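Take a look at the letters that make up each chain.
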Amino acid sequence: MKKLSKTLFNHINTYMNAEARPLEKSIFNYYFNDSSVDDILNSLEEFQNSDGGFGQGLEPDFKLKQSSPMATSIGLRHLSKLDNNDRAQKMIAKAVEYLEATFDSDRNGWYSVSSDVNNYPHAPWWEFKDDINMTVIDYSWGNPTAELIGYLYKYKKYLNNLDVYSLVNYAITNLNKVTEFNSEHEIFCYIHMYNVLDKEFSIPIVDTLKLAVSQLVNINQSEWSNYVPTPLKFIESGTKNFFGIESKLIDENLDYLIDRLDAEGKIFPTWYWDKYLEEWEITKSEWMGILTLEALLSLLKFNRIEINSKPECNS
């Protein structure tokens, strides 16, 4: 079995601590260098606004400072892995308050971002266009609404107004009526939701998620250097359900990540911006830290790193 060597890991260790954003650096050091949860929370606090939502460029492809449901889903994704911490719980409670305040009853969910996104540097796919917004940046209801519903279910003790059980059932119905899938990002959000639901709600969507993954996963290694949904993209660090992805494909994807890290010392984004090019150079560097961290956590999950590392913190 191919593993990331100690020598290469030490090289990446230096890279992450020198060039990654403080957030990814703190997460990396938590898992691999025995650093504190408080370091992660300190970094996350820089992205959480006074209204409880997350913004400030947490999702590097749009630099919107104001809170957005999309950025808040990412903030809660991080916090949900640390929620045995009282400080993290307080941040989660604030985020839930933001989500209740911004819930769109007509949509029965949230839109990813507001039109304010256009006032800041952003990737072309985040351009807000009123007339065709649904087909440009928000064509799939579940992205990020399904993931957000999952967090509201997990942290329902903080809810005051929303009926989370109604929302969960609506999300399940929305997913199970689909037979042909074209948005891996929506399915990523449903997988995040699946992983926090109790069995009475998660079991009814397993077969549909397996169908979706079978249609969306790219199994051609020759194409993995492009922007495609590789097998590991559907497998969260804490989950044991691989939704029908064969272990052979997982092993191939892990070997591919090791080869990429061995060749380049980091993982590069497979996309680029066609505007705001000076800002893109900064964003590209931010994404390299994020993608390298994601690769390392996948390798850690499957015991593909030749080091002794701190176990994951899963709630």
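Residues numbered from 1 in each chain as written. Predicted model: local features only at pLDDT ≥ 70, side-chain atom pairs only at ≥ 80, totals over all residues. Heavy atoms only, no water.

## Brief notes about unusual backbone geometry
Here the bond from Asn143 into Pro144 is cis, since omega is 10 degrees, no more than 30 degrees from zero. Along the polypeptide, Pro144 turns up in helix α7 (residues 142-154). One non-glycine residue, Asp34, adopts positive backbone phi at about 60 degrees. For Asp34, the position within the fold is in the loop between α2 (22-32) and α3 (37-45). Even without glycine at this site, Tyr276 takes up a positive phi of about 50 degrees. If you trace the backbone, Tyr276 turns up in the loop between α12 (247-264) and α13 (277-301). (Helix = DSSP H or I, 4+ residues; strand = E, 2+ residues; numbered from the N terminus.)

## Regarding α2
Within α2, nine of the eleven residues are buried, leaving the element largely enclosed by the surrounding structure. For α2, the secondary structure elements touched by its buried residues are α1 (6-19), α3, α4 (69-80) and α13. Directly beyond the C-terminal end of α2, a positive phi value near 60 degrees is found at Asp34. (Buried < 20%, exposed > 50% of the residue type's maximum accessible area, 1.4 Å probe, protein only. Contact = heavy atoms within 4.5 Å.)

## Notes on the environment of Glu184
Within the secondary structure, Glu184 is located in helix α9 (residues 184-194). With 41 residues separating them in the primary sequence, Glu184 and Asn143 have C-alpha atoms 9.6 Å apart. In this structure, Glu184 is in contact with Leu216, Tyr227, Pro229 and Phe234, ignoring residues within four places of it in sequence.

## A word on the confidence of the model for the chain
The predicted structure's coordinates, where accompanied by low pLDDT, should not be read in detail. Summarising the model, the chain shows a mean pLDDT of 94, and 94% of its residues fall at 70 or more. Ignoring residues within four places in sequence, the model shows residues 132-137, a span with pLDDT below 50, making 14 contacts including any to other chains. When the criterion is pLDDT under 50, residues 309-315 qualifies, and its contacts beyond four places in sequence or with other chains add up to 25 contacts. (pLDDT = per-residue confidence, 0-100.)

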